[in-house]
Amino acid sequence: MSDIAGVRASAVAMVAVASTAGCVLLLRGWRALGKNLPDVPWVGIGPLLLLILVVLVAGWQVRRYARYRTQEGASRRAPQRVTPQRARGTLVAGQSAALGGGALVGWYLAIALVHLPNVDVVSVRQMVVRAAISALVALALAGAGLLTQHWCRLPPGENDDDEDEPPRGVSYVS
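Keep in mind that this is a model prediction, so the values were computed, not measured.

(A) Representation of the packing of aromatic side chains in the model. Taken as a whole, this structure holds 1 aromatic pair when the rule is applied. Cation over ring: Lys 35 sits above Trp 30, and NZ or CZ is 5.8 Å from the ring centre.

This is the structure in structure tokens:
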């Protein structure tokens, strides 16, 4: 992963696949020890949805400022200035959300896959449904992270490093 490319969707997919495989093995081993498998409560979706919202709002603010800066003679009111530290933090949050979302997709899919042989039992079926829906929300988190990362890019030709003044607004350049 280079600074220019950022986190790619293929990296998120690889994290999800590796997480799924590793978690399936761990959960089967846990069950072989006679332990109960973890439950997937509905309440776990709430924090993921909140995190998606926070990452998208922060990314949108950076995007809005970066796009306003690059327009010649913009007639609309200028958005609030975004410091380079905040833009960098937003970028890191987006990349972390993308990779963390990929890992969570693997975790929830692993729970669903381990329970799948007993899906004819109503309580197990409900667990598989909760795990599948949680995996979809985690996938949305990964997508929100990738989108936020994309929003933190400056348009082509807007690399502040070529100027003598310090960077203004965004630290992620393409």
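There is more to say after this.
(B) Representation of the nonpolar core in the model. Counting 26 residues, the largest nonpolar core has Leu 27, Val 40, Tyr 108 and Ile 111 as the members making the most contacts within it. Of all the elements in the fold, those that place two or more residues in this core are helix 1 (9-32), helix 2 (45-70), helix 3 (84-115) and helix 4 (122-151). Excluding its chain neighbours within four sequence positions, the residues that come into contact with Tyr 108 are Val 40, Leu 48, Ala 131, Ser 134, Ala 135 and Ala 138.

(C) A look at a nonpolar patch on the surface. Together, Leu 50, Leu 53, Val 54 and Val 57 give the surface a local cluster of nonpolar side chains, amounting to about 370 Å² of exposed area. The topology assignment puts Leu 50 in helix 2. Judged by its relative accessible area of 54%, Leu 50 is exposed.

(D) Geometry of the side chain of Ser 19. By the secondary structure assignment, Ser 19 is in helix 1. The exposure class of Ser 19 is buried, given its relative accessible area of 13%. Engagement of the side chain of Ser 19 in a polar contact is seen with the backbone oxygen of Ala 103, the distance being 2.8 Å. The residues touching Ser 19, leaving out its near neighbours within four places in the chain, are Ala 103, Gly 106 and Trp 107.

(E) Up close: the packing of helix 1 against helix 3. Viewed as axis vectors pointing N to C, helix 1 and helix 3 meet at an angle of 40°, and their least axial separation amounts to 7 Å. In terms of their interaxial angle, helix 1 and helix 3 are classed as oblique. Note that helix 1 runs across helix 3; the crossing there is right-handed. Its residues assigned to classes, the contact of helix 1 with helix 3 comprises 16 nonpolar, 5 polar and 2 charged.

(F) Representation of the environment of Tyr 108. Relative to the helices and strands, Tyr 108 is located in helix 3. A residue is classified by how much of its surface remains accessible, and Tyr 108, at 12% relative accessible area, is buried. Each C-alpha atom of the pair Tyr 108 and Val 128 lies 8.9 Å from the other, and the pair is 20 residues apart in sequence.

Thresholds applied
Every residue gets a number counted from 1 within its own chain, in the order that chain's sequence is written. Where local features are concerned, this predicted model is filtered to residues with pLDDT of at least 70; where side-chain atom pairs are given and counted, the filter is 80 or more; whole-chain, interface and lining totals use all residues. Hydrogens and water molecules were not included; the side-chain quantities draw on all heavy atoms of the structure. We call Phe, Tyr and Trp rings a pair once their centres come within 6.5 Å, taking the six-membered ring for Trp, and we label the pair stacked below 30 degrees between planes, edge-to-face above 60, and tilted otherwise. Sitting over a ring, as applied to charges here, requires NZ of Lys or CZ of Arg to be within 6 Å of the ring centre and within 35 degrees of the ring normal. Here the nonpolar core consists of buried residues drawn from Ala, Val, Leu, Ile, Met, Phe, Trp, Tyr and Cys, with membership extended through side-chain atoms lying within 4.5 Å. Think of it in three bands: residues with accessible area under 20% of the maximum for their type are buried, residues over 50% are exposed, and the middle band is partly exposed, with areas taken using a 1.4 Å probe on protein chains only. Secondary structure follows DSSP: runs of H or I at least 4 residues long count as helices, runs of E at least 2 residues long count as strands, and numbering of each begins at the N terminus. A contact between two residues is defined here by any heavy atoms of the two lying within 4.5 Å. Each patch is built from residues lacking any salt bridge and having more than 30% relative accessible area; the joining distance is 9 Å for like charges and 5 Å for nonpolar side chains (Val, Leu, Ile, Met, Phe, Trp, Tyr). Every accessible area reported is derived by Shrake-Rupley at a probe size of 1.4 Å, with residue values counting cover from the shown protein chains alone. Throughout this description, the term salt bridge denotes a Lys or Arg side-chain nitrogen within 4 Å of a carboxyl oxygen of Asp or Glu. Two N or O atoms form a polar contact when they lie within 3.5 Å of each other; inside protein one atom must be a possible hydrogen donor and the other a possible acceptor, and for residues adjacent in sequence the pair counts only when both atoms belong to side chains. Simply put, an axis is a line fit to the C-alpha atoms, just over the touching stretch for a helix, and the angle between two N-to-C directions goes from 0 to 180 degrees. Throughout, the term roughly parallel applies to angles under 35 degrees, roughly antiparallel to angles over 145, roughly perpendicular to angles from 65 to 115, and oblique to all others. The crossing is said to be left-handed when, going from far helix to near helix, the turn is anticlockwise and less than a right angle, and right-handed when the turn is clockwise. Throughout this entry, Asp, Glu, Lys and Arg are counted as charged residues, while Ala, Val, Leu, Ile, Met, Phe, Trp, Tyr, Cys and Pro are counted as nonpolar. The remaining residues, Gly among them, count as polar.

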